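Architecture at a glance
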Amino acid sequence: YVLGQLLDIQVFDRLRQWPQWWIAPAASGIVGQAADTLMFFSVAFWRSSNPFMAANWMEIALVDYVIKLLVSLAYGALLKTLLKLLPRQRLVAAAR
């Protein structure tokens, strides 16, 4: 988890000055989640005593990673929709 978070922070910090605001959080999430998923599944299931997990951990990790990306995409779409629906003044007041 720590490796993924550190990579997430590093990528975000390097890309946060880009003109499009969404590039930094999207890229950092993609890299951080990939590192976290790969590290977890390789440590937990590589050479596992469970033959199925030892043979298929990479495919399971890939599916897990794709699901994480889809959830992130759905969260971004929901946030964009909420920002369009709520009046701007209400958002500013809520942030205070």
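Above this text you will find the structure in question.
Residues numbered from 1 in each chain as written. Predicted model: local features only at pLDDT ≥ 70, side-chain atom pairs only at ≥ 80, totals over all residues. Heavy atoms only, no water.

Any two side chains of opposite charge can pair if their charged atoms end up close together. Per the stated rule, a full pass over the model turns up three salt bridges. The salt bridge partner of Arg-16 is Asp-13, with a shortest N-O separation of 3.1 Å. Owing to a relative accessible area of 42%, Asp-13 belongs among the partly exposed residues under this scheme. The salt bridge involving Lys-68 is made with Asp-64; its shortest N-O contact spans 3.5 Å. A residue pair is termed a helical-turn pair when its members lie 3 or 4 positions apart in one helix, as Lys-68 and Asp-64 do in helix H3 (residues 51-85) at four residues. Take Lys-68: its relative accessible area is 25%, and that puts it in the partly exposed class. Taken together, the shared-partner salt bridges connect Asp-36, Asp-64 and Lys-68 into one network. (Salt bridge = Lys/Arg side-chain N within 4 Å of Asp/Glu carboxyl O. Buried < 20%, exposed > 50% of the residue type's maximum accessible area, 1.4 Å probe, protein only. Helix = DSSP H or I, 4+ residues; strand = E, 2+ residues; numbered from the N terminus.)

Moving on, we come to the packing of helix H1 (residues 2-15) against helix H2 (residues 23-45). Packing of H1 against H2 brings their axes to within 8 Å, and their N-to-C directions diverge by 160 degrees. Considering their axes alone, H1 and H2 lie roughly antiparallel with respect to each other. The two elements H1 and H2 cross, and the hand of that crossing is right-handed. Residue-level contacts link Leu-3, Gly-4, Leu-7, Asp-8, Val-11, Phe-12 and Leu-15 of H1 to Ile-23, Ala-24, Pro-25, Ala-27, Ser-28, Gly-29, Val-31, Gly-32, Ala-35, Asp-36 and Met-39 of H2. When the residues that make up the contact of H1 with H2 are grouped by side-chain class, the tally is twelve nonpolar, four polar and two charged. (Axes fitted to C-alpha atoms, helices over the stretch in contact; angles between N-to-C directions. Parallel < 35°, antiparallel > 145°, perpendicular 65-115°, else oblique. Left-handed = near helix turned anticlockwise from the far one by under 90°. Contact = heavy atoms within 4.5 Å. Nonpolar A, V, L, I, M, F, W, Y, C, P; charged D, E, K, R; others polar.)

Once that is clear, we can look at unusual backbone geometry. At Arg-47, a residue that is not glycine, the phi angle is positive and equals roughly 55 degrees. Along the polypeptide, Arg-47 turns up in the loop between H2 and H3. Assessed through its relative accessible area of 68%, Arg-47 is described here as exposed.

Purely spatial values, then, with no claim about function.
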